[in-house]
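Coordinate inspection notes
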Amino acid sequence: MELIKNLSGFLFSALGPFNVGRIVLKRKSKKLFEKGKLPNRKNRLEYKSNYWTLILYTVETVNVNKRKELERIVKDFFTLLEFAEVIEDKLESFKTLLNLSGNIVSDLDIKEVIKRLLLAGIEISGVKHVSILLVEDNPSGFAYEMFRSDKKLKTYHSSARMKKGISGRVLKTGKPVLVKDILKLKDVNPTAVKKGRRSLIAVPLLHTNRIIGIFYVDSDIPDAFDQETLERVQFIANHAAIALGNAKLFNEIKRLAERQALLYNLSLSLISSIELKKMLKNLLLQLKKSLGIEYGAIVQYDKEKSIDIPIAWIGYKGLRNMVFPVTTPPDSLVAYAIAHKKMIYVEDVTKNKFYYKMIDEIQSEVAIPLILGEEIVGAMVLSRTVKNGFDQEDLELLLTISSSVAMAIKNAELYEKTRIYAITDPLTGIANRRRIEEIIDREISRSIRYSRMFSLLFIDLDNFKVFNDTYGHTVGDEVLKEFAIILKSAVRKIDFAGRYGGDEFIVVLVETDISKALSTGNRVRKLVQEKMKEYGITISIGVSTYPLHGTKKSQLIQAADNACYRAKKLGGNRVVHP
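Before going into details, it helps to say that this report is about the structure given with it. (Residues numbered from 1 in each chain as written. Predicted model: local features only at pLDDT ≥ 70, side-chain atom pairs only at ≥ 80, totals over all residues. Heavy atoms only, no water.)

**What about the overall build of the chain?**
Stated precisely, the cut-off is as follows: Helix and strand definitions follow DSSP, with helices as H or I runs of at least four residues and strands as E runs of at least two, each counted in order from the N terminus. Here the globule rule reads 2.2 Å times residues to the power 0.38, and the radius of gyration is calculated from C-alpha atoms. Burial classes: relative accessible area under 20% of the type maximum marks a residue as buried, over 50% as exposed, and values in between as partly exposed (1.4 Å probe, protein chains only). In what follows, a contact means two residues having at least one pair of non-hydrogen atoms within 4.5 Å. Here the accessible surface of atoms and residues is derived via Shrake-Rupley with a 1.4 Å probe, and residues count as covered only by protein chains that are part of the display. Just so you know, the count uses Lys and Arg for positive and Asp and Glu for negative, and it drops His and the chain ends. The atoms used to mark charge sites are NZ of Lys, CZ of Arg, CG of Asp and CD of Glu.
Looking only at helices and strands, one finds 14 helices and 21 strands in the chain. The C-alpha radius of gyration of the chain comes to 45 Å, more than 25% above the 25 Å expected for a compact globule of 578 residues. The dimensions of the chain, computed from C-alpha atoms along their principal axes, are 155 × 60 × 35 Å. Evaluated residue by residue, the chain yields a buried proportion of 45% over its 578 residues. Looking at the chain alone, contacts between residues at least 24 apart form 59% of all its contacts between residues at least 6 apart. As presented, the chain carries roughly 31600 Å² of accessible surface, and 52% of it is formed by carbon and sulfur atoms. Considering the chain, the positive charge centre built from 91 side chains and the negative charge centre built from 68 side chains are found 6 Å apart.

Structure (structure tokens):
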């Protein structure tokens, strides 16, 4: 309106020679411009065009000759007004387009860019529905759409044909297409007709001379768009293409950084691979964030039993304490990956005979064997709820990770074996002296906290030195092994039996008082006498109880040892307490 007001002001100045003291310009009934005052008698002249009304007030009556010249000036003024209005509309439209474009290019999130593009499309075209199809790295054909009614970003599986029809023309020529009535097209898309579309604009989204997508504006009314609307849509689409390209580049850089961070964090986790379950769960959570993994599991492979044991998982429920047989021939993707020692990726699980269905919504899945050298230590299975959910970069990353995960599992296995060796007597397979003393310390702490008793059985084989001298140490070792088996079976699962040294053994009886300890000792003594009758083996047992015979580990062991010594002095094959 500023341009129109300026023109009106210029007119007021130009009409001075005609004794015009006041002018009023109206568009229909709305007053847009008024200037000048006439306190005395006024002569009113009124001129009208299609939309405008100009009222002039003169001091004197304008004579005929001047009246004709005045009318010519007013006529030219009305012509200028029409031009000015068109120019102002164009400027306002251009300003709107610039604002919309600025909103689009101000974000680096792809979905947010798409959302703003669709909102702009609705605003500048006035239609009920707009959509966009990204054609790069989108083999699954997912597209985005928005309706004027709710303006929410939605996804759908596009039926656009990439080699023919409207989309095919856009991709082939790289130029926009305006269709006034799609029913008149020879190769019309049946889906578009079914959805009630009649007229349509399709604009390519060009970035660095590549078509990265197609922007669609459609209407259920034929001939709903003109060339000017097409130019507006194209203007917005050009800016959107730049924004999408930048957002894609940003996301690729971000994705690369996340993957490098993932590999770095994994390498750090390997240092403390004794926390295997925690580390692998954290890995799966990072893969969920980076690759959009909805379901994932890492299993440990037991070659002897031919089973998979889940170590860590996300998405799945109820995998704790479960095992999965690895059958031949394979009946699952994991079994196939293990059997063939290679990764298997299924873009659509409904079309693969090896897929073992556990979750209905899973659409694509990859199974990777975890191999260290030639040894398979486990497998990793990852799933998404969309078809073709993994690209080549994803698969390469997972293969890189798999070798590190295999190493972590193997390190954890070695650590566990080392830990067991450190606390196990190598001859008998039961706890060694170090482990027994750790257990006694633990039971003292528990007894202090809960005010409960516990007891020790200090056991010595009677005349075992003579037995060894008679039959040899090899036979003596076999006797010790057999005795350990008998001892372990004779006590409760909550009790602990261990070899203290030579032919001396200790049993820790949890939450057991002196009377129950004596009873247990006699039961063990009789069982050994019966089971090892052919060897003539009997045992002497000394009993001590916390806190009756001591409050420290050394006091309790010494008390039980002294009692055992007394039992042997009394002839052996008996149970004695201090």
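**Description of helix 4 (residues 165–173)**
Residues spaced three or four apart along an α-helix face the same direction, because each turn holds 3.6 residues. Residues of helix 4 that are buried include every one of Gly165, Ile166, Ser167, Gly168 and Val170, and no others. Each element contacted by the buried residues of helix 4 is listed here: strand 8 (177–179), strand 9 (199–207) and strand 10 (210–219). Note on helix 4: the residue one or two positions beyond its end, Gly174, has a positive phi of about 70°.

**Notes on the side chain of Asn189**
Test applied: For the purposes of these results, a polar contact is taken to be a pair of N or O atoms within 3.5 Å, where, inside protein, one atom must be able to donate a hydrogen and its partner to accept one; residues adjacent in sequence count only when each atom of the pair is a side-chain atom.
Along the chain, Asn189 turns up in the loop between strand 8 and helix 5 (190–194). Owing to a relative accessible area of 16%, Asn189 belongs among the buried residues under this scheme. Polar side-chain contacts of Asn189 include one of 3.0 Å to the backbone nitrogen of Thr191. Contacts of Asn189, omitting those with residues within four sequence positions, involve Ser159, Ala160 and Arg161.

**Concerning the packing of helix 10 (residues 433–450) against helix 14 (residues 553–569)**
How we decide: In this analysis, axes come from line fits to C-alpha atoms, helices being fitted only over the stretch in contact, and the angle between any two N-to-C directions falls in the range 0 to 180 degrees. Crossings are classed by handedness, with left-handed meaning an anticlockwise turn of the near helix from the far one by less than a right angle and right-handed meaning a clockwise turn. Three categories are distinguished: nonpolar for Ala, Val, Leu, Ile, Met, Phe, Trp, Tyr, Cys and Pro, charged for Asp, Glu, Lys and Arg, and polar for the others, with Gly belonging to the last.
Between helix 10 and helix 14, the shortest axis-to-axis distance is 10 Å and the interhelical angle comes to 115°. Considering how the two elements wind past one another, helix 10 and helix 14 form a crossing that is right-handed. Within the contact between the two elements, helix 10 uses Glu437, Ile440, Asp441 and Ile444 and helix 14 uses Lys553, Leu556 and Ile557. Residues that form the contact of helix 10 with helix 14 fall into these classes: four nonpolar, no polar and three charged.

**Structural notes on the pattern of salt bridges**
Convention followed: Salt bridges are defined as contacts in which a side-chain nitrogen from Lys or Arg sits within 4 Å of a carboxyl oxygen from Asp or Glu.
Following the criterion strictly, the structure yields 31 salt bridges and no others. The residue Glu294 makes a salt bridge to Arg384 at a minimum N-O spacing of 3.8 Å. With Glu294 in the loop between helix 7 (276–291) and strand 11 (295–302) and Arg384 in strand 16 (residues 375–384), this pair connects stretches of sequence that are 90 residues apart. Of the residues examined, Glu294 reaches a relative accessible area of 28% and is grouped as partly exposed. In this structure, Glu443 engages Arg442 in a salt bridge whose closest nitrogen and oxygen atoms are separated by 3.5 Å.

**Overview of the sheet that holds strand 21 (residues 575–576)**
Under the convention used in this document: Strands pair, by our definition, only if DSSP identifies at least two bridges between them.
If you walk across this open sheet you meet the five strands as 18-19-17-20-21, and the pairing is mixed. With partners counted over all chains shown, the strands left at the sheet margins are strand 18 (496–501) and strand 21, one partner each. Here eight bridges tie strand 17 (residues 454–461) to strand 20 (residues 539–546), and the two strands are oriented antiparallel to one another. The partner of Ser455 across the bridge, within strand 20, is Thr545. Across the face of the sheet, helix 10 comes into contact with strand 17, strand 18, strand 19 (504–509) and strand 20 while running at roughly 130° to strand 18. Across the sheet, helix 13 (residues 514–531) is in contact with strand 17, strand 19, strand 20 and strand 21; its angle to strand 20 comes to roughly 160°.

**A short note on helix 14**
To keep it simple, the criterion reads: Between the first and last residue of a helix there are one fewer steps than residues, each counted as 1.5 Å, and that sum is the expected span. The directions considered for the arc are those from the helix axis to the C-beta atoms.
Over its 17 residues, helix 14 extends 24 Å from the first C-alpha to the last, a length consistent with the 24 Å expected when each residue adds 1.5 Å. Here helix 14 has its buried residues at Leu556, Ile557, Ala559, Ala560, Ala563, Cys564 and Ala567. Projection of helix 14 onto a plane perpendicular to its axis shows the buried side chains occupying an angular sector of 160°, all on one side. Away from its buried face, by an angle of more than 90 degrees, helix 14 presents the exposed residues Ser554 and Lys569. On its buried face, helix 14 sits against helix 10, strand 17, strand 18, strand 19, strand 20 and strand 21. Immediately beyond the C-terminal end of helix 14, within one or two residues, lies Gly571, with a positive phi of roughly 115°.

**Here we look at the packing of aromatic side chains**
Defined as follows: Only Phe, Tyr and Trp rings are paired, with Trp represented by its six-membered ring, and only when their centres lie within 6.5 Å; those with planes under 30 degrees apart are stacked, over 60 edge-to-face, the remainder tilted. Note on geometry: a ring has a charge over it if NZ (lysine) or CZ (arginine) is within 6 Å of the ring centre and within 35 degrees of the ring normal.
Enumeration over the complete set of coordinates arrives at ten aromatic pairs. Summarising the aromatic geometry, the rings of Phe454 and Tyr546 are spaced 5.6 Å apart at their centres and angled 15° between planes, so their arrangement reads as stacked. Separated by 92 residues along the polypeptide, Phe454 in strand 17 and Tyr546 in strand 20 bring together distant segments of the chain. For Phe454, a relative accessible area of 0% translates into the label buried. Put simply, the rings of Phe464, Phe467, Tyr471 and Tyr535 pair up and form one aromatic cluster. When the ring centre of Trp52 is taken as origin, the NZ or CZ atom of Arg27, which lies over that ring, is 5.3 Å away.

**Overview of unusual backbone geometry**
That bond from Tyr546 to Pro547 is cis: its omega, 0°, falls within 30 degrees of zero. Following the sequence through the fold, Pro547 ends up in the loop between strand 20 and helix 14. Its identity is not glycine, yet Asn388 carries a phi of approximately 50°, on the positive side. Classification of Asn388 by relative accessible area gives partly exposed; the value is 23%. Notably, Asn463 is not glycine yet its phi reads approximately 55°, a positive angle. Within the element layout of this structure, Asn463 appears in the loop between strand 17 and helix 11 (464–471). Accessibility expressed as a relative area gives 60% for Asn463, which makes it exposed.

**Details of the packing of helix 11 against helix 12 (residues 473–490)**
Applied cut-off: Every angle not falling under 35 degrees, over 145, or within 65 to 115 is termed oblique; those three ranges are roughly parallel, roughly antiparallel and roughly perpendicular.
Orientation of helix 11 relative to helix 12, taken along the N-to-C sense of each, is 130°, at an axis distance of 7 Å. As judged from the angle between their axes, helix 11 and helix 12 are oblique. The segment helix 11 lies against helix 12, with Phe464, Phe467, Asn468 and Tyr471 engaging His473, Val475, Gly476, Val479 and Leu480.

**Considering the environment of Val135**
Relative to the elements of secondary structure, Val135 occurs in the loop between strand 5 (129–134) and strand 6 (142–147). Classification of Val135 as partly exposed rests on a relative accessible area of 24%. A sequence separation of 336 residues divides Val135 from Tyr471, and the C-alpha atoms of the two residues are 85 Å apart. For Val135, the contacting residues outside a window of four places in its chain are Met162, Leu171, Ile211, Ile212 and Gly213.

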